[in-house]
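A look at the structure
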Amino acid sequence: MYPITRSSRRLVLRELSLNDVDPVYAIYSSPEATRHLSFEPRGKAEVEDMAARVIASAQATPRSEYSLAVVEMSTGETMGVARLAIDPHQQRAATIGFALRPASWGVGYGLETVRLLCGLAFEDLNLHRVWGARSPENTASDRTMTAAGMVREGVIREHIQKNGAWRDSVVHAILDREWSSGEH
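Residues numbered from 1 in each chain as written. Predicted model: local features only at pLDDT ≥ 70, side-chain atom pairs only at ≥ 80, totals over all residues. Heavy atoms only, no water.

**As for the pattern of salt bridges**
This structure, assessed with the given rule, holds 13 salt bridges. Residue E112 pairs with R10 through a salt bridge whose shortest N-O separation is 2.5 Å. Of this pair, E112 sits in helix 4 (residues 109-124) while R10 sits in the loop between strand 1 (5-7) and strand 2 (11-15); the two residues are 102 residues apart in sequence, bridging distant segments of the chain. Across the pair, R10 and E112 agree in class, each one buried. (Salt bridge = Lys/Arg side-chain N within 4 Å of Asp/Glu carboxyl O. Helix = DSSP H or I, 4+ residues; strand = E, 2+ residues; numbered from the N terminus. Buried < 20%, exposed > 50% of the residue type's maximum accessible area, 1.4 Å probe, protein only.)

**Examining helix 4**
Its 16 residues give helix 4 an end-to-end C-alpha distance of 21 Å, which sits within 8% of 22 Å, the value for a rise of 1.5 Å per residue. Helix 4 sits mainly inside the fold: 13 of its 16 residues count as buried. One or two steps after helix 4, the chain reaches N126, where phi turns positive at roughly 55°. (Expected span 1.5 Å × (residues − 1).)

**Digging into the sheet that holds strand 7 (residues 151-162)**
Judged by pairing direction, the sheet is mixed, and its eight strands sit side by side in the order 1-2-3-4-5-6-8-7 without closing on themselves. Two strands bound the open sheet, and with one partner strand each, they are strand 1 and strand 7. Between one strand and the next, the sheet's axes are offset by a mean angle of 25°, whatever the strand orientation. Two elements, strand 4 (residues 78-86) and strand 5 (residues 93-100), share seven bridges in a ladder whose sense is antiparallel. Following the sheet pairing, I86 is matched in strand 5 by A94. (Pairing = 2+ DSSP bridges. Axes fitted to C-alpha atoms, helices over the stretch in contact; angles between N-to-C directions.)

**Remarks on the packing of aromatic side chains**
Tallied over the full model, the rule gives two aromatic pairs. Between the NZ or CZ atom of R42 and the centre of the ring of F39, over which it lies, the distance is 3.6 Å. Across from the ring centre of Y25, 5.9 Å away, lies the NZ or CZ of K44, which sits over that ring. (Phe/Tyr/Trp six-rings, centres within 6.5 Å; stacked < 30°, edge-to-face > 60°. Lys NZ or Arg CZ within 6 Å of the ring centre and 35° of its normal.)

**A word on the side chain of R134**
Tracing the backbone through its elements, the reader meets R134 in strand 6 (residues 129-134). Judged by relative accessible area, R134 falls into the buried class, the value being 5%. Looking at R134, its side chain comes within polar contact range of the main-chain oxygen of P136, at 3.4 Å. Excluding residues that lie within four positions of it along the chain, R134 makes contacts with S141, D142, M145, R152, R167, D168, S169, V170 and H172. (Polar contact = N/O pair within 3.5 Å; in protein donor to acceptor, adjacent residues only side chain to side chain. Contact = heavy atoms within 4.5 Å.)

**Remarks on the pairing of strand 3 (residues 65-72)**
Most of strand 3 sits inside the fold, with eight of its eight residues counted as buried. Neither face of strand 3 is left uncovered, since the one carrying E65, S67, A69 and V71 and the one carrying Y66, L68, V70 and E72 both have all their residues buried. As paired elements, strand 2 and strand 3 share five bridges and run antiparallel to each other. Across the sheet, residue E15 finds its bridge partner in strand 3, namely L68. Pairing between strand 3 and strand 4: seven bridges, direction antiparallel. Bridge pairing in strand 4 places S67 opposite R83. Hairpin connection of strand 3 to strand 4: five residues between the antiparallel strands, including G76 at a positive phi of 75°.

Distances and angles like these do not, on their own, reveal function.
Structure representation (structure tokens):
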């Protein structure tokens, strides 16, 4: 499925392009923005390589990764990255994740992003299950995933190594029947 475009009241998810490298670099190089992510702040070359890889993989058949720009509709600015990756270890399942610029936190953009990803998963890709993992300290992500209808399932112990230490991940998931019931 290419190209992907999904929109909400304030946001558009669209295919990532090379024009998005600078705004994505601004997010991925920020210690504040990457504090709860699974990786350390990244350099510009790493972001350029990531963008080139996801742009190339977007046209793969079958497609297994959807790395999308999160664009603020009113300004046209790329304010984040959203990702849905088909989970090769589960049938009709995918993982989701997102990163937004810190200046946009706290106004519901994360919830809109998760809902757009779930819409892609369940409405366009006919998946059965979507799950995401968060840092235990990321209470904003906890609220966001819960508000989107995702259920906390448990903890993956010492799942991520960051800053020289192991960190747990808290897993949240939503099923297709929960999404279609309109309870999100």
